[in-house]
Amino acid sequence: MKQILQQLRWKIIAAGTLLLIVLSAGYSYNPTPAPYHSEDDLVKLLLLNNTLPVGDNEIFIGSGKCGGCHGLDPVEFANITEEGEEVSPAENWRATMMANSAKDPFWQAKMAHEIAINPQHTQELVNKCTACHAPVGRFTSLMNGEPDYSIAAMLEDSLAMDGVTCGACHQQRINNLGNHFSGTLTFHSDTIWGPYISEEMDFPIFSAAMNNFVGYEPLGNHIVSQSEMCATCHSLITETVDLNGNFTGETFVEQATYHEWLNSSFNEDESLQKECQGCHMPALDESIIIASGYSFLPRREPFAQHWFIGGNSFMLELMKNRIDELGITATTDHFDTVIQRTLYQLQNETANVEIEQNEVDGDTARYTVRLTNLAGHKFPSGYPSRRAYIEFIASDSNGNEIFHSGKLNNMYEVVGNDPQMEPHYDLINSEDEVQIYEMVMADTEGNITTVLERADHLLKDNRLVPLGFSTLHNAYDTTKIVGSAAGDPNFNHIDGIEGTANDEVRFHIPLHGFDGEMNVTAKLMYQSVPPKWNFDMFTVDNPTINAFEEMYWAEGADPVMVGSAAISTMITGINEKEQRYIIKSNPSTDGSIVIESGSE
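Conventions and cut-offs
- Residues numbered from 1 in each chain as written.
- Predicted model: local features only at pLDDT ≥ 70, side-chain atom pairs only at ≥ 80, totals over all residues.
- Heavy atoms only, no water.
- Helix = DSSP H or I, 4+ residues; strand = E, 2+ residues; numbered from the N terminus.
- Contact = heavy atoms within 4.5 Å.
- Buried < 20%, exposed > 50% of the residue type's maximum accessible area, 1.4 Å probe, protein only.
- Axes fitted to C-alpha atoms, helices over the stretch in contact; angles between N-to-C directions.
- Parallel < 35°, antiparallel > 145°, perpendicular 65-115°, else oblique.
- Left-handed = near helix turned anticlockwise from the far one by under 90°.
- Nonpolar A, V, L, I, M, F, W, Y, C, P; charged D, E, K, R; others polar.
- Disulfide = S-S within 2.5 Å.
- Salt bridge = Lys/Arg side-chain N within 4 Å of Asp/Glu carboxyl O.
- Expected span 1.5 Å × (residues − 1).

Undergrad: So what's going on with the overall build of the protein chain? Residues and values would help.
TA: A tally of helices and strands in the protein chain yields 19 helices and 21 strands. Of the contacts made within the protein chain by residues no fewer than 6 positions apart, 67% connect residues no fewer than 24 positions apart.

Spelled out as structure tokens, the structure:
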């Protein structure tokens, strides 16, 4: 409480100072009915945010201090829309994967797995992994002249455990952003970068507020709203070691979301151009007062909402159900909001699914499933555990299955998935064949691995590419299509034209003499942490891994349905001499299409 009151005292002094600056400068603004915050208001404001860390280490400050102005406003003047919707950065951020990147039990378990495989590389692994998952702790250590960081230090540091906190983005040095990758971050200790280029008139107001309350100079640059701001952590290149832990001198692209965006129409085509923030931090159309406590501040527009939407609803659910166990500062309500936004984006803005009825010939019904990636990067993208697959079901009018590819068993694994690697398909005609979109890594011996340090080359990468993706782009070396998908004429091609962001898969369904109505459904399913990825990790006896394994099976790795399409077919009159098939179709003039063929 003493610390809170000290902060409050300085904030009131700052506010008074600012008011004098405004009045003496003759600054003009339109008064509003909302009152200027009283001392009681500010006490309530700080107490509302006291679950977030409020300390500092002379370089970074806790998100609780940022939330003092950019969090909940008790008088509902700042950080709120005209309709009364709460849009404060602190509240929108705190239940995201970004906010909980250091507390993420999957990440902690995977890091423990990597260290168990190559304990001699513990320091290199910790330095690399914490650079993006606990950047405030890692780079405070580095800036204080301590080149190495430790998990023990991270776990004891509330600022490090604050994850990708406010300063981790806004204190980045903006010079050369977009050219630094793999967690090579550099920071200011006295500057905050935002997207707004302040007018000469209102700059002193913002500058004085930030300097007096948190000790940072606020500056504006348009690059804060551009994809380059995200590049440093969202393209990761690792150094390869052999099975004995010796560095080979080779590197491996573990993830390249930023480079995937570079190789897309969202970067190249002016009419379609969209930055990472456009999807993951959607902007409001109205202007917003962005800081509470200072009722005379100019409004800002556009206002990028700090939603940080991804696709990892599984881990969000897992963490929501273990808030106290994991020491998370968000509430279940916070998580429910983020999960709802995540599912909406997955199911409405990620991919389209279409199904087309083809001919029925002999004892075979033929269909084409067409997927189109709507994202500005590959789908799935990011960490290589993630996979999507097609579930294709044909059943009769009573729901009895005739054909089912992509069924999930009770251990959350896809039935028919090869223990090593399921190939990419252009044609599927058996239930044990399933189209899985994934990235499969191999070690120096050519064996499949999930140990990131051992990753030497790719055996497969058939993840759906974004619109405009080209094999001739200068970023293709980090975004390659690998395996038989590279030669599939229906993958990212339509009529020989590249860059269509699609894949077409033909399904030939054996009918076995079936006669009647057949209902066909195609679903695009997504798992961020499938069991196959965890298999090797769960063989290691380690407290951190064991704890996550218990959470994992208790939660259940159910997939998310990204999209679906369905069609009904009436099949009649199959005999050895003549087949006559009536196929329900939409659209058609009379609700059916008649296809006739002679005997075989």
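Undergrad: Can you explain the side chain of Asn502? Please cite residues and give values.
TA: As for its placement among the helices and strands, Asn502 is situated in strand β17 (residues 497-510). In this structure Asn502 comes out as buried when scored by relative accessible area, which is 2%. Look past the residues within four positions of Asn502 in its chain and what remains in contact with it is Leu371, Thr372, Asn490, Phe491, Asn492, His493 and Ile494.

Undergrad: Outline the packing of helix α15 (residues 313-320) against helix α17 (residues 332-348), supporting the account with residue identities and numerical values.
TA: Two numbers describe how α15 lies on α17: the axes approach to 10 Å, and their chain directions differ by 170°. Taken as axis vectors, α15 and α17 run roughly antiparallel relative to one another. Relative to α17, α15 is oriented so that their crossing is left-handed. Here α15 contributes Ser313, Leu316, Glu317, Met319 and Lys320 to the contact with α17, which in turn contributes Thr332, Phe335, Asp336, Val338, Ile339, Thr342, Leu343 and Leu346. The residue makeup of the contact of α15 with α17, split by class, is 7 nonpolar, 3 polar and 3 charged.

Undergrad: Go over the state of the cysteines, please, and point to the residues and values.
TA: Inspection of every chain in the model, using the stated rule, returns 1 disulfide. Cys69 forms no disulfide, and the closest cysteine sulfur to it belongs to Cys66, at a distance of 9.1 Å. The thiol sulfur of Cys279 is not disulfide-bonded, and the nearest other cysteine sulfur, from Cys276, lies at 8.5 Å.

Undergrad: An account of the packing of α15 against helix α19 (residues 543-555) is needed here, citing residue identities and associated values.
TA: Here α15 crosses α19 at 105°, and the two axes come no closer than 10 Å. Our classification of the angle between α15 and α19 gives roughly perpendicular. Touching Phe314, Met315, Glu317 and Leu318 of α15 are Phe548, Met551, Tyr552 and Glu555, all from α19. In the contact of α15 with α19, the residues fall into 6 nonpolar, no polar and 2 charged.

Undergrad: For the pattern of salt bridges, give the residues involved together with the corresponding values.
TA: Tallying each qualifying case throughout the model produces 17 salt bridges. A salt bridge links Lys110 to Glu114, with the nearest nitrogen and oxygen atoms 2.5 Å apart. One end of the pair, Lys110, and the other, Glu114, are both in helix α5 (residues 105-117), 4 residues apart, so they sit about a helical turn from each other. Overall, Lys110 belongs to the buried group, its relative accessible area being 5%. A salt bridge links Arg463 to Asp461; its shortest N-O distance comes to 2.8 Å. Residue Arg463 shares its accessibility class with Asp461, and that shared class is buried. Within this structure, Glu260, Lys378, Asp461 and Arg463 form a network of salt bridges that share partners.

Undergrad: Break down helix α6 (residues 122-133) for me, citing the residues and quoting the values.
TA: End to end, α6 covers 16 Å across 12 residues, agreeing with the expected 16 Å (1.5 Å per residue, within 8%). Residues of α6 that are buried: Leu125, Val126, Asn127, Thr130, Ala131 and Cys132. Each element contacted by the buried residues of α6 is listed here: α5, α7 (135-143) and α8 (151-155).

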